[in-house]
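Residue-level structural notes
Given next are the chains, with one letter for each unit.
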Amino acid sequence: MTMKLWYSPASPFVRKVMVFAHETGLADSLVLVPGDVWAADPEINKENPLGKVPALTSADGVFAGSYLCCEYLDSLHAGPRLIPSEPRQRWPLLQMHAFADGIIEAAVASVVEQLRRPKEFVYQGMLDRQRAKIERTLDTIGSMALPQADLAGVTLGCALGYLEFRLPQLQWRNGRTALSQWYEAFSARKSMQATVPHT
Ligand SMILES: N[C@@H](CCC(=O)N[C@@H](CS)C(=O)NCC(=O)O)C(=O)O
């Protein structure tokens, strides 16, 4: 059974779904459909009214947003769940996922502010606010148990990869040795190597 993944090569949320698909052995079931979310009338709007990538068009319907896409993919494979249901595993994992996902949100907001707005409308106060969120959350994550290759690990890997790709000036690794070592190991995984972002 193939599914359509509405896709953009630079989107960290799309990468999250693709890495998740690799980790669950489902990558070959995905057909990547470029979704130009910044075009005037993108095709994607017909299937995802939010006009955002990622969205997954499947036999069971269209799933919008990276979390739901991953949750759906997790229901399709026979291996260990990457989003476990057992409460002692589930809640810490979802807490880490929320922090890592929030870093992606803040980073994407900064990039949109810088790349999509006319220069005269770029608001430095907004950029500073997003940067502070990213710094605080990285420090919080650094004090937590770092994840395995589950939903939380996949999301954290994509978040850190996106910071390096789009916001290298943040130098997120400075003073964060353990997190940096975790990322080195995680980004060497096949799933991450197969999904390196590009413009
Ligand atoms: N919460 C969503 C966020 C998705 C998102 O913001 N995608 C961006 C690309 S990285 C997008 O499509 N932006 C277009 C827009 O906001 O109109 C998710 O987890 O997938």
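Predicted model, so just to flag it, every value in this text is computed and none were measured. (Residues numbered from 1 in each chain as written. Predicted model: local features only at pLDDT ≥ 70, side-chain atom pairs only at ≥ 80, totals over all residues.)

**Overview of the sheet that holds strand S4 (residues 61-64)**
Across the sheet, which stays open at both edges, the four strands sit in the order S2-S1-S3-S4 with mixed pairing between neighbours. Each edge of the sheet is formed by a strand with only one pairing partner; in this case those strands are strand S2 (30-34) and S4. Recorded for the sheet is a direction-independent mean angle of 20° between the axes of neighbouring strands. As paired strands, strand S1 (residues 3-7) and strand S3 (residues 55-58) are joined by three bridges and run antiparallel to one another. Directly across from Trp-6, in S3, lies its bridge partner Ala-55. (Pairing = 2+ DSSP bridges. Helix = DSSP H or I, 4+ residues; strand = E, 2+ residues; numbered from the N terminus. Axes fitted to C-alpha atoms, helices over the stretch in contact; angles between N-to-C directions.)

**Observations regarding the domain arrangement of the protein chain**
Examined at the domain level, the protein chain breaks down into domain 1 (3-74) and domain 2 (87-190). Computed from C-alpha coordinates alone, the two centres of domain 1 and domain 2 are separated by 20 Å. Each partner contributes residues to the interface: domain 1 has 10 residues there, and domain 2 has 12 residues. Top contributing element to the side of domain 1 that touches domain 2 by residue count: helix H1 (residues 12-23), with eight residues. (Domains from an automatic or database assignment. Contact = placed C-beta atoms within 7 Å.)

**Focus: the packing of helix H4 (residues 87-115) against helix H6 (residues 151-166)**
Look at H4 against H6: their axes get within 8 Å of each other, and the N-to-C directions meet at 20°. The angle between H4 and H6 places the two elements in the roughly parallel class. Judged by the sense of rotation from one axis to the other, the crossing of H4 with H6 is left-handed. Residues Leu-93, Met-96, His-97, Ala-100, Asp-101, Ile-103, Ile-104, Ala-107 and Val-111 of H4 form the contact with H6, whose participating residues are Leu-151, Ala-152, Thr-155, Leu-156, Cys-158, Ala-159, Tyr-162, Leu-163 and Arg-166. (Parallel < 35°, antiparallel > 145°, perpendicular 65-115°, else oblique. Left-handed = near helix turned anticlockwise from the far one by under 90°.)

**Here we look at the nonpolar core**
In this structure, Val-17, Phe-20, Ile-103, Ile-104 and Ala-159 are the most contacted members of the largest nonpolar core, which totals 46 residues. At nine residues, H6 tops the list of elements feeding residues into this core. Here this core gathers at least three residues from each of two domains, domain 1 (3-74) and domain 2 (87-190). Sequence-distant contacts of Val-17, that is, excluding residues within four places in its chain, are made with Leu-5, Pro-54, Ser-66, Cys-69 and Cys-70. (Core = buried A, V, L, I, M, F, W, Y, C linked by C-beta atoms within 7 Å. Buried ≥ 20, exposed ≤ 12 C-beta atoms within 10 Å, placed from the backbone.)

**Notes on the site of the ligand**
Neighbouring the ligand are the residues Ser-11, Phe-13, Val-37, Gly-51, Lys-52, Val-53, Pro-54, Gly-65, Ser-66, Tyr-67 and Val-108. Classifying every residue of the shell around the ligand gives six nonpolar, four polar and one charged. (Near = placed C-beta within 6 Å. Nonpolar A, V, L, I, M, F, W, Y, C, P; charged D, E, K, R; others polar.)

**So, the pairing of S3**
With four bridges joining them, S3 and S4 adopt antiparallel strand pairing. The residue of S4 that forms the bridge with Thr-57 is Val-62. Hairpin connection from S3 to S4: two residues lie between these consecutive antiparallel strands.

**Concerning the pairing of S1**
On any regular strand, side chains alternate: one points to one face of the sheet, the next to the other face. Counting buried residues in S1 gives four out of five residues, a clear majority hidden from the surface. Bridging between S1 and S2 involves five bridges; their strand directions are parallel. By the bridge assignment for S2, Met-3 is matched with Leu-30.

**Some remarks on the environment of Leu-156**
Relative to the helices and strands, Leu-156 is located in helix H6. What makes Leu-156 buried here is the crowd of 27 C-beta atoms within 10 Å. Residues Leu-156 and Ser-8, 148 residues apart in the sequence, show an inter-C-alpha distance of 19 Å. For Leu-156, the residues in contact, after removing those within four places along its chain, are Met-96, Ala-100, Ile-141 and Pro-147.

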